[in-house]
Structure formats: structure tokens, C-alpha cells
Amino acid sequence: MQGRYAVLGWGSLIWDLDNLAEYVELPWQMQAGPSLPMEFTRISPKRKMGLAVCLDHDHGTPCPTHAIASRRADLAAAIQDLAARERAPVEMIGGVCQADGVGQGRSEIADQVRDWCAQTGWQGAVWTDLRSNYTEMSGRAFSVPDALAYLRTLTGDSLDEAVRYLHLAPPTTQTPLRQALQGDDWWHGQVRQLFG
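Here's what I pulled together on the structure shown here.

Rules behind the numbers
- Residues numbered from 1 in each chain as written.
- Predicted model: local features only at pLDDT ≥ 70, side-chain atom pairs only at ≥ 80, totals over all residues.
- Heavy atoms only, no water.
- Helix = DSSP H or I, 4+ residues; strand = E, 2+ residues; numbered from the N terminus.
- Polar contact = N/O pair within 3.5 Å; in protein donor to acceptor, adjacent residues only side chain to side chain.
- Contact = heavy atoms within 4.5 Å.
- Salt bridge = Lys/Arg side-chain N within 4 Å of Asp/Glu carboxyl O.
- Buried < 20%, exposed > 50% of the residue type's maximum accessible area, 1.4 Å probe, protein only.
- Axes fitted to C-alpha atoms, helices over the stretch in contact; angles between N-to-C directions.
- Parallel < 35°, antiparallel > 145°, perpendicular 65-115°, else oblique.
- Nonpolar A, V, L, I, M, F, W, Y, C, P; charged D, E, K, R; others polar.
- Pairing = 2+ DSSP bridges.

1. Side note on the side chain of D129
Alright, step 1. With respect to the helices and strands, D129 occurs in the loop between strand 9 (124-128) and helix 3 (134-138).
Alright, step 2. One polar contact links D129 to R106, side chain to side chain, over a distance of 2.8 Å.
Alright, step 3. Filtering out sequence-adjacent residues up to four positions away, D129 remains in contact with L55, M92, I93, G94, G105, R106 and I109.

2. Focus: the pattern of salt bridges
Alright, step 1. Considering all chains together, one arrives at 13 salt bridges under this definition.
Alright, step 2. In this structure, D129 and R131 form a salt bridge, with 3.5 Å as the shortest nitrogen-oxygen distance.
Alright, step 3. For D129, a relative accessible area of 0% puts it in the buried group.
Alright, step 4. The salt bridge involving R164 is made with E161; its shortest N-O contact spans 2.9 Å. Here R164 pairs with E161, and both are found in helix 5 (residues 156-168), just three residues apart, close to one helical turn.

3. Here we look at the packing of helix 5 against helix 7 (residues 185-195)
Alright, step 1. At their nearest, the axes of helix 5 and helix 7 sit 10 Å apart, and the two run at 95° to each other. Viewed along their axes, helix 5 and helix 7 adopt a mutual orientation that is roughly perpendicular. Contact residues: L159, D160, A162, V163, R164, L166, H167 and L168 in helix 5; W186, W187, Q190, V191, L194 and F195 in helix 7.
Alright, step 2. Looking at the contact of helix 5 with helix 7 residue by residue, the classes come out as ten nonpolar, two polar and two charged.

4. Describing the sheet that holds strand 2 (residues 24-29)
Alright, step 1. Read across the open sheet, the six strands follow the order 2-6-1-9-7-8; overall the sheet is mixed. Of all strands in the sheet, those bounded by a partner on one side alone are strand 2 and strand 8 (103-104).
Alright, step 2. The pairing of strand 1 (residues 5-9) with strand 9 spans three bridges and is parallel. If you follow A6 over to strand 9, its bridge partner there is A125.
Alright, step 3. Against the sheet, helix 1 (residues 75-86) contacts strand 1, strand 6 (66-70), strand 7 (93-97), strand 8 and strand 9, and its axis sits at roughly 160° relative to strand 7.
Alright, step 4. Together, strand 1, strand 6, strand 7, strand 8 and strand 9 form the strand contacts of helix 2 (residues 107-120), whose direction differs from that of strand 9 by roughly 140°.

As far as function goes, none of this settles anything; it's purely spatial.
As C-alpha cells, this is what we get:
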């Protein structure tokens, strides 16, 4: 992958490239990215207030990421492409370039991604670096029991979107919340209603 930039994904990007599709080359290389700490600790307005997965050193557990090649030849353009898809400011997109050492995003994640690029031959990589906002949005500290209770407060389209997102996330995004949902009868009922 010499001279190429990887786009790393672990959530909805895998099944919904949206406007990023024209700037990347399929297929996804599943589980080819670095393992990074993640959990569903972001209450997402974009996802109708459902829980979205984000990189979270405080509550996350290491899970494999997935890589796809950007068509862009420079880091700034690859960052802009991903920011547009995420409807997020460029400051919320992480990126590293091996050649010149340029990078942005939380340093502990950028260092892990830079090491992975060096080991795998990618010139650099970009990723979504949105932060957990669970406490800010809910007024409570994140815990798996609290997140389960939060999901039960959702109704209508918000609940449908939460179920869709959590169900469609790659199976390798196996966080403590996802594990807890596997044993939750209420959750299984919601999945059956939506997916049959």
C-alpha cells in the first residue's frame, strides 16, 4: 500500500460510505486496521439520539478496525473527504502521514495508527475522531447498565435507528455494551421487530 492513505472504519462507515464512496476504492479490508479502544458512548444527533460507537480510552475495549484505500494523494484531502461524510468539522477527523510526520487527532490514537502504518506500508491514514459525549448529553456517567437503561428510553424513529446502528455494526466491534445486549431479551425483541 506504499504511497496510499487508508480510511479506517468500525461503525456505520462500513455499510454506508455515503458521499465518501467516490473517494475510496473498494473492497474494505476487514480487520486489517489497528485495534483501537471503542465503545458506544456517543449520543448521536445524526443518529436520532441513538448510541454510536466512538474511540474511547476511558470506557472502550480494543476492537479491530477495517481499512479501505483513499483515492486521494494527500492527507488534507483525505481528511476533508471523511469530514464531509461525517458532517463533522475537520478537527474531529484524525490523520497521520508517514512521510512528513504530519498528523492530527488525539495523540494516543495517532501514535497507534502511525505505528500501524509503518508496519503495514500505508503512507498514512484518516479516521473519525469524534469524542464520547454520553455524560454531557445524558447528565449521567457512562456505564453499561446506564446505557442499557438509556436505550429503553428511546421510542419511535430514535429507537429504530439505535437498533439498526447497533445491529449493523461489524461483529468485531465487540464492546462491553454490545456483549450485554446479546443477553438482553428486550433488545432481541427490538431487533426482531426491525429485521424480522
